[in-house]
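# Breakdown of the fold
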Protein chains: 2
Amino acid sequence: MKFCSVCGEKVELIIPEGDNRMRFVCGQCNTIHYQNPKVVTGCIAQWQDKILLCRRAIEPKQGLWTLPAGFMENEESNRDGAARETFEEANARLTDMTLFSVFSIAHISQVYTMYRANLVDGEASAGIESLDVALLSENEIPWQQLAFKVVEENLKLYYQDKAAGGFKTHYGEIIRLNDGQLNVECF
Amino acid sequence: MKFCSVCGEKVELIIPEGDNRMRFVCGQCNTIHYQNPKVVTGCIAQWQDKILLCRRAIEPKQGLWTLPAGFMENEESNRDGAARETFEEANARLTDMTLFSVFSIAHISQVYTMYRANLVDGEASAGIESLDVALLSENEIPWQQLAFKVVEENLKLYYQDKAAGGFKTHYGEIIRLNDGQLNVECF
C-alpha cells in the first residue's frame, strides 16, 4: 500500500496514537488503513462412502488435489461461502452442512473454515477453477498430491473421527517453523 | 474506495473478466482490490463459577457489557488474537482455550470466533477500552445491557451447554431481517 484509497495521497507506515502496531495512515485525510486476515471457507462433501476432491486448474498448486474452498466474500455467511465455492469449483450442491474445523495459518494471515456436508444428488463436475473432480474412498485419497497442508490435516481429522465413530469440530494452527517446515497443532 | 492504493489513480467499480462480482479495479495498474469479511475473536473466560464481562468505554455501544473480543490482526493466530484482546480489554490471562463458537454476521461482513477458557489467576481489571470489568455468576448477567446480539447468543449457548453437562462447538448466523430485527439460526 502506497496511496490512500479515500483521498489518493501518499500513506505513511506509523503507529497511530492509542495503537501499538504499525498501520498505513493518510497524513491528509487521517484515514487509518487496517489490514486484517482473510477467511477461506470450504467443505468435505460426502456421497455414500466417498468424498469430493478437486484438481486445481489455477496457481498456486495447479494440478494438485484439494477440497473445494475459497475466499469468503463480503455480505455472505461463512457457511454460504463454503456452499458457493463448492458449486463454483465442482458444480456440486450441498445439504446437512455442519462446521468441521477452523484452522488458523498466521504466517499467511488466513483462517480456514471447513464444513462437513452431504452432496444432494452425487453430481459433481469440474468448474472453471478445476481440471477435474472425483468422488474418492479413503484408500483412493492422493495423499502425496494434495495441494495444501490444511487440506491434508482436514482429511486426516475426518478419517480419524470417522474411524472413532463420531465427528467433532476441530481447531488447529499451522505454524511455519524457521526452517520453512509446517508444524500442525490441534487444540 | 476511490483511489488505487498501489498507484494512486482513480479506481472503477466493475466486474473483472472471469469474475461475477463488482470489484474496485485500477485502470492504470490493473490491480483488483478485493474486499473481504473481517474476523472478530474473543472469549468466555471462566473463573470458578463466574465468567468475565467488560463494560465498553468506546463506541459502538459505550457503557454496555460485552465479552472481551476484537478484530483479529494479521500474522497472529485466531486463538492468540482472542487471548490478546482479553489482555488488552481486561488485563486477564487465559489458559485451556477451546473453540466455543463461530458466528457469521453477513450484513456487516464479520465472522465472530469465541473461545471458552479459564482465567490463569482470577485477576482482571479494566483495560483502556473498558470502563469496568466484572466476574459474574449466571444470575448476575446483565441480559438487558449487553452490547451485541452475538454476545447474548454466546452466553445463552454457554449456559445451555453448562446446564446440559457438556460444552459443544457451535456455528450460528445472525441475520438482519427487512424490518431491522436480528434473527439467529444455529446449525
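Quick summary incoming for the structure in this document.

When you go through chain A residue by residue, the secondary structure sums to 2 helices and 12 strands. Along chain A, from the amino end to the carboxyl end, the secondary structure elements read β-β-β-β-β-β-β-α-β-β-β-α-β-β. Taken along the three principal axes of its C-alpha coordinates, chain A extends 60 × 35 × 30 Å. Per-residue burial for chain A yields a buried fraction of 49% across its 187 residues.

On to the relation of the copies chain B and chain A. After a rotation of 180° and a shift along the axis of 0.0 Å, chain B superposes on chain A with an RMSD of 0.0 Å. Here the symmetry operator amounts to a two-fold rotation axis. A high fraction, 100%, of the interface residues of chain B reappear at the interface in chain A, so the copies pair face to face through one surface.

Here we come to the sheet that holds strand β2 (residues 23–26) of chain A. Residues and elements named next belong to chain A. Read across the open sheet, the 3 strands follow the order β1-β2-β3; overall the sheet is antiparallel. Each edge of the open sheet is held by one strand with a lone partner, namely β1 (11–14) and β3 (32–33). In the sheet, β2 pairs with β3 via 2 bridges, with the strands oriented antiparallel. When the sheet's bridge partners are listed, V25 is paired in β3 with I32.

Contact residues are listed per partner, giving 40 residues for chain B and 40 residues for chain A. In total, about 3500 Å² of surface goes out of reach between chain B and chain A, with carbon and sulfur atoms giving 53% of it. Connecting chain B to chain A are 7 salt bridges. Between A:E73 and B:R21 there is a salt bridge, with the nearest N and O atoms lying 3.7 Å from each other.

Where empty space is left becomes clear once a probe the size of a water molecule has been rolled over the atoms. All names here are of chain B. Under the definition given, this model contains 1 cavity of 30 Å³ or more. Taken as a whole, the largest cavity encloses approximately 50 Å³ of empty space. Contributing to the lining of the largest cavity are C54, R55, R56, I58, T66, E89, E129 and S130. The element best represented in the lining of the largest cavity is strand β5 (residues 50–56), accounting for 3 residues. When the residues that make up the lining of the largest cavity are grouped by side-chain class, the tally is 2 nonpolar, 2 polar and 4 charged.

Residue and element names in this part refer to chain A. Mapped onto the fold, F148 is located in the loop between β10 (130–136) and α2 (149–164). Here the alpha-carbon distance between F148 and E76, two residues 72 residues apart in the chain, equals 25 Å. Residues in contact with F148, not counting those within four places in the same chain, are R56, P60, K61, T66 and Y112.

Residue and element names in this part refer to chain B. Tracing the chain through its elements places V11 in strand β1 (residues 11–14). The buried category is assigned to V11, whose relative accessible area is 14%. Sequence-distant contacts of V11, defined by excluding residues within four places in its chain, comprise M1, K2, F3, C4, F24, V25, C26 and H33.

Moving on to the environment of B:T66. All names here are of chain B. Position of T66 relative to the elements: it lies in strand β6 (residues 65–66). Judged by its relative accessible area of 4%, T66 falls in the buried class. With 14 residues separating them in the primary sequence, T66 and L52 have C-alpha atoms 8.9 Å apart. Residues in contact with T66, not counting those within four places in the same chain, are L53, C54, R56, A147, F148 and V151.

Rules used throughout
- Residues numbered from 1 in each chain as written.
- Chains lettered and ligands numbered in written order.
- Predicted model: local features only at pLDDT ≥ 70, side-chain atom pairs only at ≥ 80, totals over all residues.
- Heavy atoms only, no water.
- Helix = DSSP H or I, 4+ residues; strand = E, 2+ residues; numbered from the N terminus.
- Buried < 20%, exposed > 50% of the residue type's maximum accessible area, 1.4 Å probe, protein only.
- Least-squares fit on C-alpha atoms with pLDDT ≥ 70 in both.
- Contact = heavy atoms within 4.5 Å.
- Pairing = 2+ DSSP bridges.
- Buried area = accessible area lost by both parts, 1.4 Å probe.
- Salt bridge = Lys/Arg side-chain N within 4 Å of Asp/Glu carboxyl O.
- 1 Å grid on protein atoms, 1.4 Å probe; cavity = no way out; pocket = protein on both sides within 12 Å on 5 of 7 lines; lining within 4 Å.
- Points joined across faces, edges and corners; volume = space filled by probe spheres on them.
- Nonpolar A, V, L, I, M, F, W, Y, C, P; charged D, E, K, R; others polar.

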